Amino acid sequence: MHLSQERYGDALVLIPVGRVDNTTTDGLRSDLQRHVTSSHENGDRLVLDFSKVDYISSVGLRVLMLAAKQVREQGGSIVVAALQPVVREIFEISRFNLVFQCFGTVREALGKVSANAQAAYDSAHGA
């Protein structure tokens, strides 16, 4: 599991790549924990861009749930964007679409968490 990142204003977009399952969740958990902690310290909003995730297991959902709980306890913001069809179905079946606000695109998600972040995204992508 590789987790890359992109910054747009006061928002950090985290982009996991691949499958989120029993073999990859430890890495995702430690990466997310680091970003959740720094988002609290820096006041960042977090957007999880799932456009490159083709599967998520229940263990992966638990990692996301714990990260969301911690972010909310810290008064922060975390949302999910660009779910692939299979992952979207898993989110809906498990009702994780009620745990996370889910958006069709990263731009939409950024617009929800921060107007400044959306403006930075538009500037970077020529919109």
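Attention in this report is confined to the structure presented alongside it. (Residues numbered from 1 in each chain as written. Predicted model: local features only at pLDDT ≥ 70, side-chain atom pairs only at ≥ 80, totals over all residues. Heavy atoms only, no water.)

### Digging into the packing of aromatic side chains
Here the distance between the centres and the angle between the planes together describe a pair of aromatic rings.
Here is step 1: Under the defined criterion, the tally for this structure stands at 5 aromatic pairs.
Here is step 2: Both rings, one in Tyr8 and one in Tyr121, keep their centres 5.1 Å apart while their planes meet at 70°; by these two values the pair is edge-to-face. One end of the pair, Tyr8, is in strand β1 (residues 2-8); the other, Tyr121, is in helix α5 (residues 115-124), with 113 residues separating them in the sequence.
Here is step 3: Measuring from ring centre to ring centre gives 6.4 Å for Phe96 and Phe100, while their planes differ by 25°; the resulting arrangement is stacked. As far as burial versus exposure is concerned, Phe96 and Phe100 are alike and both buried.
Here is step 4: Grouping aromatic residues by their ring pairs yields a cluster made of Phe50, Phe91, Phe96 and Phe100. (Phe/Tyr/Trp six-rings, centres within 6.5 Å; stacked < 30°, edge-to-face > 60°. Helix = DSSP H or I, 4+ residues; strand = E, 2+ residues; numbered from the N terminus. Buried < 20%, exposed > 50% of the residue type's maximum accessible area, 1.4 Å probe, protein only.)

### Some points on unusual backbone geometry
Here is step 1: Located in the positive-phi region is Ala82, a residue other than glycine, with phi close to 60°.
Here is step 2: Secondary-structure assignment places Ala82 in the loop between β5 (78-81) and α3 (85-94).
Here is step 3: Owing to a relative accessible area of 14%, Ala82 belongs among the buried residues under this scheme.
Here is step 4: Of note, Arg95 is a non-glycine position whose phi angle comes to about 65°, a positive value.
Here is step 5: Within the secondary structure, Arg95 sits in the loop between α3 and β6 (102-103).
Here is step 6: Under the relative-accessibility criterion, Arg95 is labelled exposed at 54%.

Fair warning: the whole summary comes from geometry, so function is off the table for now.
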